[in-house]
Number of protein chains: 4
Amino acid sequence: MKLGFIGLGHMGRAMATRLLEAGHEVTVYNRSRSKAEALRTRGARVADRVADACEVDAVITMVADDAAIESIVFGADGVLAHLPRGSIHVSSSSISVAMARRLDQAHERSSQGLVAAPVLGRPEAAEAGKLFVLAAGPHGRLVRVEPVFAAIGQRTFEVSDRPELALLVKLSCNFLTASVIEAVGEAMALVEKSGLDPHRYLEIVTSTLFGAPAYKTYGELIAERHFEPAEFAASLGEKDIRLVLEAAESLRVPMPVASLLRDRFLSLLARFGDQLDWSALGGLAARDAGLERR
Amino acid sequence: MKLGFIGLGHMGRAMATRLLEAGHEVTVYNRSRSKAEALRTRGARVADRVADACEVDAVITMVADDAAIESIVFGADGVLAHLPRGSIHVSSSSISVAMARRLDQAHERSSQGLVAAPVLGRPEAAEAGKLFVLAAGPHGRLVRVEPVFAAIGQRTFEVSDRPELALLVKLSCNFLTASVIEAVGEAMALVEKSGLDPHRYLEIVTSTLFGAPAYKTYGELIAERHFEPAEFAASLGEKDIRLVLEAAESLRVPMPVASLLRDRFLSLLARFGDQLDWSALGGLAARDAGLERR
Amino acid sequence: MKLGFIGLGHMGRAMATRLLEAGHEVTVYNRSRSKAEALRTRGARVADRVADACEVDAVITMVADDAAIESIVFGADGVLAHLPRGSIHVSSSSISVAMARRLDQAHERSSQGLVAAPVLGRPEAAEAGKLFVLAAGPHGRLVRVEPVFAAIGQRTFEVSDRPELALLVKLSCNFLTASVIEAVGEAMALVEKSGLDPHRYLEIVTSTLFGAPAYKTYGELIAERHFEPAEFAASLGEKDIRLVLEAAESLRVPMPVASLLRDRFLSLLARFGDQLDWSALGGLAARDAGLERR
Amino acid sequence: MKLGFIGLGHMGRAMATRLLEAGHEVTVYNRSRSKAEALRTRGARVADRVADACEVDAVITMVADDAAIESIVFGADGVLAHLPRGSIHVSSSSISVAMARRLDQAHERSSQGLVAAPVLGRPEAAEAGKLFVLAAGPHGRLVRVEPVFAAIGQRTFEVSDRPELALLVKLSCNFLTASVIEAVGEAMALVEKSGLDPHRYLEIVTSTLFGAPAYKTYGELIAERHFEPAEFAASLGEKDIRLVLEAAESLRVPMPVASLLRDRFLSLLARFGDQLDWSALGGLAARDAGLERR
């Protein structure tokens, strides 16, 4: 397919590379051009402006947040103004549910089509084409961009014909993970203050009822107080919990654990700054129990 | 071994049966005698009084709570007064950390030995000898009752030489499970009110990041609103969270998720009574979101 | 002074009437014109468009929320485009801190001046000129609109030279009041379920430590379950708590009581709809304790 | 009246002194005898043992907690064994609701009578006879000890004929006060981090809606970070919130604000130790917002 790709951070670069390797014709754009140039040797064309990446069958966007998507899509030079009628915008960024709805309506009015396709997985998974793709949009539209998903993911879930629901699922997964981090952090603070070795505790817990990777991965990081460098920054975790709460508020769904997580993230960021991984959330309970300095 | 077994509820009966099948000489006692008589055909001796189950190498207790253990152990007819010097009390009940410590000290003074050995698993696992045993006490003492553990469990974890820490681990596991129930309940209320099918959501979530049994089991129960009959009653869940909080308070460890769970359990019990399974905790978020009648 | 007044709800109408009575020359505008016409007999001029209310020394706005202020101020026909250079916009609406900042910057660029002047008090107080005015902006600018404050309020507090801080104070007052409603509701649920008459309880509490009006007023409403009709709608209470949390998030201040209040308001709205007064928040604890039907 | 008085801390000494000044014949007992001897010059007889203070019409107890009341009342030398039939035990300590019920039943069986009479007020108020007395018990019994209340208090509230309900009211007052401390602490952290002077803020808030003493007193302490020495220790505040939660749990009343307060007190004690006043609860929000060192 003839594709545009906008946003070449860790995840975006890996995804664009996969698309090039799969034989697609990809024009890439990034705000700081050097990241785009780096893909030229892989066969990418480099766009000078967003508009130059839009003369395609489908343009994939993978940027940081609502503000970034706003500037890329809605500006005079943006996707909305330059994507041909009938072409598709595949939005993979973790944006808000409200923004996904707004994108959908705007593309509809411009006779373009939106597919929301946020992904689950770390950059390593993206490089290996092992992401999970949470795709939402009208079925026929999803079928048309299936080659894109095939290149980047190990499996695609067709969530719904309403694009914004893919975001809801994606954000809820981050909520569930954060709630594991917090609960494990509290349990380990209790255990540690009682005098039991937290590694021993973790071994028991993950050998019995909680064998899932989240418990092992985050439990280990918490036991080791290993919260830097950030793989997924605490500030991004806070943002995603906020987006969950915004969606929940507009639907009038009280989510007390999510509210608690938001306050905990704010406390983490206010007390220890922005450089920490979101797993540091799991170290707050020990701090509040007076267990340590950091 | 020559064993006593006190407390023949679902779990206790299954465990005592396993011990009989393994060839141990077991004298059983239960407050309502009929449950004890039912084991006579399996080869058990039936004790008329607690004291009659104490002329043994080790007596195992598996009762409901601190009050039950208090009456069984500390009365004139109780374990403390009648267990021979040098014999061992294996306490498998989900009692409080403070009670475990009190038992330990009392047995110490009476030249007996306490082993705390709460278990993880449902009655089916107990019948199949597939429990996980969380054993704590001095190493030599644990070795002496290893045949007991071999008969009832698939694996024994030596938690610590301090008996009460086995309780802390056991209670913390129930805390972690309850936090999964609550978090999944909140996520599913959000998803359901947005119009996405909760079964579809659950399939995605458990096929990607949350493959652990707790997510599948409780997610399914929550999606189906299938909260009766109780396998593990909500009131017992509430009790265990309370015991976690008591232990945490005595160690001065704030556990905000545990506090939230306690309030949610109280609301569940106050509004819907005692007959529900603890998975019904996961249905509260939908109720609070105005989603349904029950 | 030559004044414009935009937004003639309960509060706005009372405030505009006070200004007319004080002898000011007031041009009024309201989206539904009939409310504006009703003030003609009091001496008001009626504007056809927002722009027509802006040829003044100062224009006062008293509208529902950020969205209303956005359409009134930033449109082609809006305040920003039509208020003369050097004139003042007195914003009395309960808008967000962020919107106050945005207004301030926009007026600065247009060589106009913003004064934020949210008020404390009910419509009755407004009619009697007994509001408390929380005024913020450069001192000289506040002095210029002092005649406006003198007409509507019993006392003006000069909060700060930064307009948005007046909003922060106003919103925090609503947060403190909501926290009283919730805490009293919890205490009264406890007391009532114990069998003690809640009126008796309330009499004791307000005769000793808690004589402040908020305790008496809301305590009585809670004891009576008297939550309709709404004087201050629960949905507005929810909105103000949300604005507090937004301001707190941007400053990275965790506010766990505010988070809890937000969830409680959402539960109230989701379960019982929009017609209730915000005092109904104080009835939730009794509901969650299984005490009653409504 | 012929009275016994047990427990001569700050409050107890002041109350006993008032009773002596009112002309009652008072035998005092305190665990550390020196505090009892100090009252001899005021006319008190000094008892060597608890039993010696019980040959009276009524014995008043004013001790720290359930454990203290347990040892004073239920021991072989205790009140229960030595108070004459028909005499009254006036319990003024802040004990648990459950303990009050237990005392009531025990005295009933011994043909004595319990009156629960916790008080509101600081030691200064006790010295001046300005306490509020929350009295509960059968009406006729309350009438008999009215002279005691007249000597120590400015006003007596007859709460109920069930003694334990006086404790419920007393504990709930401390809950309401703690919730004021927390809410004001959160609001002031927000305001302070925004750059507004907290004293200015406090002046506005207490001059308008929140004129009650609790807001002024604790607001000032929070603004000044003046948390030592403790007038009412944080650990006692934590104890009272725990007693509220215990009573609420036994009645199945979820109290989310109380749960939050308990966690906050635990965090305060774990991080900063036992020497702080309970007003320090109001400084936690600023800490969690990264505002300061202490």
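Quick caveat: nothing in here was measured; it's all calculated off a predicted structure.

Let's hear about the overall build of chain A: which residues, and what values?
Helix and strand counts for chain A come out as 14 helices and nine strands. The dimensions of chain A, computed from C-alpha atoms along their principal axes, are 65 × 45 × 35 Å. Looking at chain A as a whole, 64% of its 294 residues qualify as buried. By sequence separation, contacts in chain A at least 24 residues apart represent 64% of the contacts at least 6 residues apart. When the accessible surface of chain A is totalled, it reaches about 10300 Å², and 49% of it is carbon and sulfur. The averaged location of the 37 negative side-chain charges in chain A is 2 Å from the averaged location of its 34 positive side-chain charges.

Tell me about the relation of the copies chain B and chain C, and name the residues and values.
Least-squares fitting of chain B to chain C yields an RMSD of 0.0 Å, with the superposition described by an axial translation of 0.0 Å and a rotation of 180°. Here the transformation between the copies is reduced to the relation of a two-fold axis. Most of the interface of chain B is mirrored in chain C, where 100% of its interface residues again form contacts.

Tell me about the pairing of strand β6 (residues 113-116) of chain A, and please be specific about residues and values.
On a regular strand, one side chain projects to one face of the sheet and the next to the other, so that they alternate. Here β6 of chain A shows no split at all, with G113 and V115 of chain A on one side and L114 and A116 of chain A on the other all buried. Handedness of the crossover joining strand β5 (residues 88-91) of chain A and β6 of chain A through helix α5 (residues 97-109) of chain A: right-handed.

Now, about the interface of chain A and chain B: what can you tell me, with residues and values included?
Listed as interface residues are 57 residues of chain A and, on the opposing side, 57 residues of chain B. In this assembly, chain A packs against chain B so that about 4900 Å² is buried in total across both faces, 75% of it on carbon and sulfur atoms. The largest per-residue losses of area from chain A upon contact with chain B belong to L176, E186 and L190 of chain A, which jointly make up 13% of the total buried on that side. Across the contact surface, chain A and chain B share zero salt bridges.

Give a detailed account of the interface of chain B and chain C, specifying residues and quantitative values.
In many analyses, interface size is given as the accessible surface area lost on bringing the parts together. Residue-level contacts link nine residues of chain B with nine residues of chain C. Summing the contributions of chain B and of chain C, the shared interface buries around 510 Å²; its carbon and sulfur component is 48%. Among the residues chain B hides against chain C, the three largest losses belong to A270, R271 and D288 of chain B. Together they make up 68% of the total. Taken together, chain B and chain C are joined by two salt bridges. Here D288 of chain C makes a salt bridge to R271 of chain B, at a shortest N to O gap of 3.5 Å. Summed over the shared surface of chain B and chain C, the number is two residue pairs in polar contact (both at pLDDT 80 or more). At the level of secondary structure, the elements contributing two or more residues to the side of chain B that touches chain C comprise α13 (256-272) and α14 (284-288) of chain B. Broken down by element, the residue count for the side of chain B that touches chain C peaks at four residues, all from α13 of chain B.

Please set out the relation of the copies chain A and chain B residue by residue, giving values where relevant.
Aligned on chain B, chain A shows an RMSD of 0.1 Å; the corresponding rotation is 180° and the shift along the axis is 0.0 Å. Taken together, the interface assignments show that 100% of the residues at the interface of chain A recur at the interface of chain B, consistent with an identical surface on both copies.

Could you give an account of helix α11 (residues 213-224) of chain D, naming the residues involved and the relevant values?
Taking 1.5 Å of rise per residue, the 12 residues of α11 of chain D would be expected to cover 16 Å, and the 17 Å separating its terminal C-alpha atoms lies within 8% of that figure. Along α11 of chain D, the residues that are buried comprise A214, Y215, Y218, G219, L221, I222 and A223 of chain D. On its buried face, α11 of chain D sits against α9 (163-194) and α11 (213-224) of chain C together with α9 (164-194) and α10 (198-207) of chain D. After α11 of chain D finishes, the residue R225 of chain D shows a positive phi value of roughly 50°.

Tell me about the packing of α9 of chain D against helix α12 (residues 234-251) of chain D, residues and numbers included.
Residue and element names in this part refer to chain D. The geometry of α9 relative to α12 is characterised by a closest axis approach of 9 Å and an angle of 120° between their N-to-C directions. The angle between the axes of α9 and α12 places the two elements in the oblique class. Pair α9 / α12 crosses with left-handed handedness. Contacts from L168, L171, S172, N174, F175 and A178 in α9 reach D240, I241, L243, V244 and A247 in α12. In terms of residue class, the contact of α9 with α12 is built from eight nonpolar, two polar and one charged.

Help me get a handle on empty space enclosed by the protein, residues and values and all.
Enumeration over the complete set of coordinates arrives at 11 cavities of 30 Å³ or more. One number sums up the size of the largest cavity: a volume of about 790 Å³. As for the largest cavity, its lining consists of 40 residues, of which L260 of chain A, P256 and L260 of chain B, L260 of chain C together with L260 of chain D are closest to the centre. Where the lining of the largest cavity is concerned, the elements lending two or more residues are α13 (256-272) and α14 (284-288) of chain A, α13 and α14 of chain B, α13 (256-272) and α14 (284-288) of chain C together with α13 (256-272) and α14 (284-288) of chain D. The residue inventory of the lining of the largest cavity, partitioned by class, reads 16 nonpolar, eight polar and 16 charged.

Describe in detail helix α1 (residues 10-21) of chain D, supporting the description with residues and values.
With 12 residues, α1 of chain D extends 17 Å from end C-alpha to end C-alpha; this agrees with the ideal 16 Å at 1.5 Å per step. G23 of chain D lies just past α1 of chain D and shows a positive phi near 95°.

Which residues make up the nonpolar core, and what values do they have?
Judged by nonpolar contacts, the single largest core of 176 residues is most densely connected at F175 of chain C together with F175 of chain D. Residues contacting F175 of chain C, with those up to four places away along its chain left out, are I241, V244, M255, V257, A258 and L261 of chain C together with A183, E186 and A187 of chain D. Formed by 173 residues, the second largest nonpolar core is a distinct cluster that contains L120 of chain A together with V73, A106 and L202 of chain B.

Which residues make up the packing of aromatic side chains, and what are the values?
Under the defined criterion, the tally for this structure stands at 20 aromatic pairs over all chains. Ring geometry for F232 of chain B versus W278 of chain B: centroids 4.9 Å apart, planes at 80°, classification edge-to-face. With a gap of 46 residues between them, F232 of chain B in the loop between α11 (213-224) and α12 (234-251) and W278 of chain B in the loop between α13 and α14 connect regions that are remote in the sequence. In textbook terms, an aromatic cluster arises when at least three aromatic residues are bridged by ring pairs, as seen for Y218, F232, F265 and W278 of chain A. The ring of F74 of chain B has R102 of chain B sitting right over it, with the charged end atom 4.2 Å from the ring centre.

Let's hear about the pattern of salt bridges: which residues, and what values?
Applying the stated rule across the entire model yields 88 salt bridges over all chains. The residue R45 of chain A makes a salt bridge to E25 of chain A at a minimum N-O spacing of 3.3 Å. Placement of R45 of chain A in strand β3 (residues 45-46) and of E25 of chain A in strand β2 (residues 25-29) is noted, with a sequence separation of 20 residues between them. Its relative accessible area of 36% is what places E25 of chain A among the partly exposed residues. Linking D48 of chain C and R33 of chain C is a salt bridge whose minimum nitrogen-to-oxygen distance equals 2.4 Å. In this pair, D48 of chain C sits in the loop between β3 (45-46) and β4 (58-61) while R33 of chain C sits in helix α2 (residues 33-37), placing the two residues 15 residues apart along the sequence. In this structure R33 of chain C comes out as partly exposed when scored by relative accessible area, which is 36%. Beyond isolated ion pairs, a larger network of salt bridges with shared partners links E182, R264, R271 and D288 of chain A together with E182, R264, R271 and D288 of chain D.

I'd like a rundown of the pairing of strand β2 (residues 25-29) of chain C, residues and numbers included.
All names here are of chain C. Burial runs high along β2: four of the five residues are buried. In the sheet, strand β1 (residues 2-6) pairs with β2 via five bridges, with the strands oriented parallel. The residue of β2 that forms the bridge with G4 is T27. With helix α1 (residues 10-21) bridging β1 and its parallel neighbour β2, the resulting β-α-β unit is right-handed. Pairing between β2 and β3: two bridges, direction parallel. By the bridge assignment, T27 is partnered in β3 with R45.

Tell me about the environment of P123 of chain C, and please be specific about residues and values.
With respect to the secondary-structure elements, P123 of chain C resides in helix α6 (residues 123-127). Remark: the alpha-carbon pair of P123 of chain C and L202 of chain C, spanning 79 residues in sequence, is separated by 26 Å.

Report on the side chain of S87 of chain A, specifying residues and quantitative values.
Looking at where S87 of chain A falls in the secondary structure, it is placed in the loop between α4 (79-82) and β5. Here S87 of chain A is in contact with V56, D57, Q112, G113 and R144 of chain A, once residues within four sequence places are set aside.

Just give me the short version of the side chain of D288 of chain B, but keep the residues and values in it.
Within the secondary structure layout, D288 of chain B lies in helix α14. Residue class for D288 of chain B comes out buried when judged on its relative accessible area of 7%. There is a polar contact of 3.4 Å between the side chain of D288 of chain B and the side chain of R271 of chain C. Not counting chain neighbours up to four residues away, the residues in contact with D288 of chain B comprise P254 of chain A, R264 and R271 of chain B together with L266, S267, A270 and R271 of chain C.

Rules of the game
Per chain, residue numbering runs from 1 following the sequence as it is written. Whichever chain is written first is A, and whichever ligand is written first is 1; the rest continue in order. The model is predicted, so local features are restricted to residues of pLDDT at least 70 and side-chain atom pairs to those at 80 or more, both for listing and for counting; the totals for chains, interfaces and linings are taken over all residues. Each side-chain value is worked out from all heavy atoms of the structure, with water and hydrogens disregarded. A run of H or I in DSSP becomes a helix once it reaches four residues, and a run of E becomes a strand once it reaches two; helices and strands are each numbered from the N terminus. Under the scheme applied here, a residue whose accessible area is under 20% of the maximum for its type counts as buried, over 50% as exposed, and between as partly exposed, the area being computed with a 1.4 Å probe on protein chains only. Residue contacts follow a heavy-atom distance rule, with two residues in contact if any of their heavy atoms lie within 4.5 Å. In these tables, accessible area is a Shrake-Rupley quantity obtained with a 1.4 Å probe, and a residue counts as shielded only by the protein chains included in the view. Only four residue types enter the charge count, namely Lys and Arg as positive and Asp and Glu as negative; His and the chain termini do not. Note on charges: their place is set at NZ of Lys, CZ of Arg, CG of Asp or CD of Glu. Least-squares superposition aligns the copies on the C-alpha atoms of those residues with pLDDT at or above 70 in both. By the criterion used throughout, a crossover qualifies as right-handed when its path from the first strand across the helix to the second strand runs clockwise, the strands pointing away from the viewer. Buried area: the accessible area, evaluated with a 1.4 Å probe, that two parts lose upon being put together, summed over both parts. Whenever a carboxyl oxygen of Asp or Glu lies within 4 Å of a side-chain nitrogen of Lys or Arg, that contact is scored as a salt bridge. As used in this structure description, the phrase polar contact means that two N or O atoms lie within 3.5 Å; if the pair is within protein, one of them must be able to donate a hydrogen and the other to accept it, and residues adjacent in sequence are counted only when both atoms belong to side chains. Multiplying 1.5 Å by the helix residue count minus one yields the expected span of that helix. Only the stretch in contact is used when a helix axis is fitted, and all axes are lines through C-alpha atoms; the angle between N-to-C directions ranges over 0 to 180 degrees. Here is the rule for angles: anything less than 35 degrees is roughly parallel, anything more than 145 is roughly antiparallel, 65 through 115 is roughly perpendicular, and the remaining ranges are oblique. Handedness of a crossing follows from how the near helix is turned relative to the far one, being left-handed for an anticlockwise turn of less than a right angle and right-handed for a clockwise one. Polar here means any residue other than Ala, Val, Leu, Ile, Met, Phe, Trp, Tyr, Cys and Pro, which are nonpolar, and Asp, Glu, Lys and Arg, which are charged; Gly is therefore polar. Cavities and pockets were defined on a 1 Å grid built from protein atoms only: a cavity is a group of points that admits a 1.4 Å probe but offers it no way out, a pocket is an open group of points flanked by protein on both sides within 12 Å along at least five of seven lines, and a lining residue is one with an atom within 4 Å of any such point. Grid points are joined across faces, edges and corners, and a volume is the space filled by probe spheres set on the points. For the purposes of this section, nonpolar cores are sets of buried Ala, Val, Leu, Ile, Met, Phe, Trp, Tyr and Cys residues that join through side-chain atoms within 4.5 Å. Between the rings of Phe, Tyr and Trp (Trp by its six-membered ring), a pair exists once the centres lie within 6.5 Å; its type follows the angle of the planes, with under 30 degrees stacked, over 60 edge-to-face, and the other angles tilted. Each ring is checked for a lysine NZ or an arginine CZ that lies within 6 Å of its centre and within 35 degrees of its normal; such an atom marks a charge sitting over the ring. Strand pairing is defined by DSSP finding a minimum of two bridges between the two strands.

Note that every value here comes from positions in space, so none of it alone points to a role or purpose.
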